[in-house]
Amino acid sequence: MLQEIDHVAIAVYDLDAAVSFYEISLGARVVHREDVSSDGVREVLLRAGSSYVQLLSPLSDNSPVARFLASRGEGLHHVGYRVASCAEALESMRRAGARLIDEAPRPGSRGTTIAFVHPTGAFGTLIELVEEGASSEHSGPGLG
Ligand code: CO
């Protein structure tokens, strides 16, 4: 079911500064930028092999990421696991007793289908299940 790490998401105050840091310090390359208004975040994806580093900053003061930054400060926000089927993985996690944030798969950034699982009941890590390229209603630009 689990294919690989899709992305590691890091919440930051200054997105441009964080992007520059990753570019300069690790030679990371930006491959995607997107405002995900439904989640209240602006994201930048930098390629790391077949995975991504996802830098996140809030689009508004009341977005969940803004609340995260206010209470926890900058740092690891969630881990995105790439799965063949978001629906099947979500059902498997539900059966395993995980506390679901999304009861059903929904569109994510860059045309993915995603669902979030609460860190409580998942050993302290906010988990995102990511299925590539399955969302037709929310297809973002390709990664090229
Ligand atoms: Co994510």
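Residues numbered from 1 in each chain as written. Predicted model: local features only at pLDDT ≥ 70, side-chain atom pairs only at ≥ 80, totals over all residues. Heavy atoms only, no water.

A. Broad picture of the overall build of the protein. Counting its secondary structure elements, the protein contains 3 helices and 8 strands. Start at the N end of the protein and walk to the C end: the helices and strands fall as β-α-β-β-β-α-β-α-β-β-β. For a compact globule of 144 residues, the expected C-alpha radius of gyration is about 15 Å, and the protein comes in at 15 Å, within 12% of that figure. Seen through its principal axes, the protein has C-alpha atoms that stretch 40 × 35 × 25 Å. Of all 144 residues assigned to the protein, the portion counted as buried reaches 46%. (Helix = DSSP H or I, 4+ residues; strand = E, 2+ residues; numbered from the N terminus. Rg over C-alpha atoms; globule rule 2.2 N^0.38 Å. Buried < 20%, exposed > 50% of the residue type's maximum accessible area, 1.4 Å probe, protein only.)

B. View of the side chain of Thr112. With respect to the helices and strands, the residue Thr112 is situated in the loop between strand E6 (106-107) and strand E7 (113-117). At 2.8 Å, the side chain of Thr112 forms a polar contact with the backbone oxygen of Ser109. (Polar contact = N/O pair within 3.5 Å; in protein donor to acceptor, adjacent residues only side chain to side chain.)

C. Examining the coordination of the cobalt ion more closely. Coordination of the cobalt ion by the protein comes from His7 (NE2), Gln54 (OE1), His78 (NE2) and Glu128 (OE), over a distance range of 1.9 to 2.8 Å. Mapped onto the sequence, the residues coordinating the cobalt ion show the spacing H-x46-Q-x23-H-x49-E. Taken as a pair, His7 in strand E1 (residues 2-11) and Gln54 in strand E4 (residues 51-58) lie far apart in primary sequence, 47 residues in all. Accessibility classification places His7 together with Gln54 in one group, the buried group. (Donors = N, O, S within 2.8 Å, 3.2 Å for Na, K, Ca; no water.)

D. Quick look at the pattern of salt bridges. In the structure shown here, the tally under the stated rule is 10 salt bridges. Put simply, Asp35 and Arg42 hold a salt bridge, and the shortest N to O gap is 2.6 Å. Residues joined by salt bridges that share partners form a network here, namely Glu4, Asp6, Arg82, Arg110 and Glu132. (Salt bridge = Lys/Arg side-chain N within 4 Å of Asp/Glu carboxyl O.)

E. Main features of the pairing of E1. The pairing of E1 with strand E5 (residues 75-83) spans 8 bridges and is classified as antiparallel. Paired with Ile5 across the strands is Tyr81, a residue of E5. Summarising the sheet, E1 and E4 pair through 5 bridges and their orientation is parallel. Directly across from Ala9, in E4, lies its bridge partner Gln54. (Pairing = 2+ DSSP bridges.)

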